[in-house]
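Coordinates in review
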Amino acid sequence: ASSSAASGRYSVAVSELAQAARARSASFASASAQVMGGTLDFSIDGTTTQVALDDGMTLTQAADRINKSGIAVSATVLETNGAAYLSITRRDTGFVVGQPGSSALQITETSTGSLGQALGATIQQSAVNAQLTVDGLAFERRSNVVSDVIPGATLTLKTKPGTAEDLLLTTSTSD
């Protein structure tokens, strides 16, 4: 709480934590496996940006190309049990309030090459907004750091116990 926060007791319950949208490619043999050339259209909150993939580039090179594109996602290659996957995560949590969670990240692939295999990226997790109640009033925010609900106080949501907990704000009387 800042010095402008009013003393008081608030009942706070968190029913949902904000999460980022995530996508994953189809399984590849390794991080050096070839990706079929074409384009990836990333739609983030309704704004679409295109990334070109060169025919035969590696899965690792595709991740680097996505990361260098300036799109608000991070791409990395994850290898497990003899398979490699391109994992794409939206940098910000949540989605525009009033829009569907799917609007936070959509990926459309157009394959035009002949070397390697198509990414086959699919959304694994839609974005989720934080949901909480303060003194019985419902709030929805894109982030787990909420600074516009209780004047002068910033809440950092970490768990969703579901049951309300008391938040006590007091004024320090020491100098």
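Attention in this report is confined to the structure presented alongside it.

Conventions we followed
- Residues numbered from 1 in each chain as written.
- Predicted model: local features only at pLDDT ≥ 70, side-chain atom pairs only at ≥ 80, totals over all residues.
- Heavy atoms only, no water.
- Pairing = 2+ DSSP bridges.
- Helix = DSSP H or I, 4+ residues; strand = E, 2+ residues; numbered from the N terminus.
- Axes fitted to C-alpha atoms, helices over the stretch in contact; angles between N-to-C directions.
- Contact = heavy atoms within 4.5 Å.
- Core = buried A, V, L, I, M, F, W, Y, C linked by side-chain atoms within 4.5 Å.
- Buried < 20%, exposed > 50% of the residue type's maximum accessible area, 1.4 Å probe, protein only.
- Salt bridge = Lys/Arg side-chain N within 4 Å of Asp/Glu carboxyl O.
- Polar contact = N/O pair within 3.5 Å; in protein donor to acceptor, adjacent residues only side chain to side chain.
- Phe/Tyr/Trp six-rings, centres within 6.5 Å; stacked < 30°, edge-to-face > 60°.
- Lys NZ or Arg CZ within 6 Å of the ring centre and 35° of its normal.

On the basis of which strands lie adjacent, the open sheet formed by three strands has the order 5-4-9 and antiparallel pairing. Either end of the sheet is taken by a strand with one partner, and the two such strands are strand 5 (47–53) and strand 9 (106–111). Sheet twist, expressed as the average angle between the axes of neighbouring strands with direction ignored, equals 20 degrees. Running over the sheet, helix 1 (residues 59–68) touches strand 4 (38–44) and strand 5 and is turned about 145 degrees from strand 5.

Below, the discussion takes up the nonpolar core. Counting residues in hydrophobic clusters, the biggest one holds 30 residues, and the most contacted among them are F42, I66, L86 and I88. Secondary-structure elements contributing two or more residues to this core are strand 4, strand 5, helix 1, strand 7 (73–80) and strand 8 (83–90). It is helix 1 that contributes the most residues to this core, four residues altogether. Discounting chain neighbours no more than four positions away, the residues touching F42 are T47, T48, T49, V51, I66, I71, V73, I88, L105, Q106 and I107. V12, A130, I150 and L155 belong to the second largest nonpolar core, which has 16 residues in total.

In total, this model carries five salt bridges according to the counting rule given. Between D54 and R65 there is a salt bridge whose closest N-O contact spans 2.8 Å. You can see D54 sitting in the loop between strand 5 and strand 6 (57–58) and its partner R65 sitting in helix 1, a full eleven residues away along the chain. In this structure D54 comes out as partly exposed when scored by relative accessible area, which is 40%.

The buried fraction of strand 8 is high, at seven of eight residues. The sheet contact formed by strand 2 (residues 22–24) and strand 8 spans three bridges and is antiparallel. If you follow A23 over to strand 8, its bridge partner there is I88. Where strand 7 meets strand 8, eight bridges bridge the pair, whose relative direction is antiparallel. By the bridge assignment for strand 8, V77 is matched with L86. Linking two consecutive strands that pair antiparallel, namely strand 7 and strand 8, is a turn of two residues; a positive phi of about 50 degrees is found at N81 within it.

As for its position among the elements, N144 is in the loop between strand 12 (137–141) and strand 13 (145–146). There is a polar contact of 2.7 Å between the side chain of N144 and the backbone nitrogen of A18. Excluding its chain neighbours within four sequence positions, the residues that come into contact with N144 are L17, A18, A130, L155, T156 and L157.

Before going further, it helps to examine the packing of aromatic side chains. One pass over the structure, following the stated rule, counts zero aromatic pairs. The lysine or arginine in question, R24, covers the ring of Y85, its NZ or CZ lying 5.8 Å from the ring centre.

Strand order in the open sheet formed by four strands is 12-11-1-15, with antiparallel pairing between adjacent strands. Sheet topology places strand 12 and strand 15 (165–169) at the edges, where each strand pairs with a single neighbour. On average, each strand axis in the sheet is inclined to that of its neighbour by 30 degrees, with strand direction left out of account. One ladder, built from five bridges, connects strand 11 (residues 130–134) with strand 12; its direction is antiparallel. Its bridge partner lying in strand 12, L132 is registered against F139.

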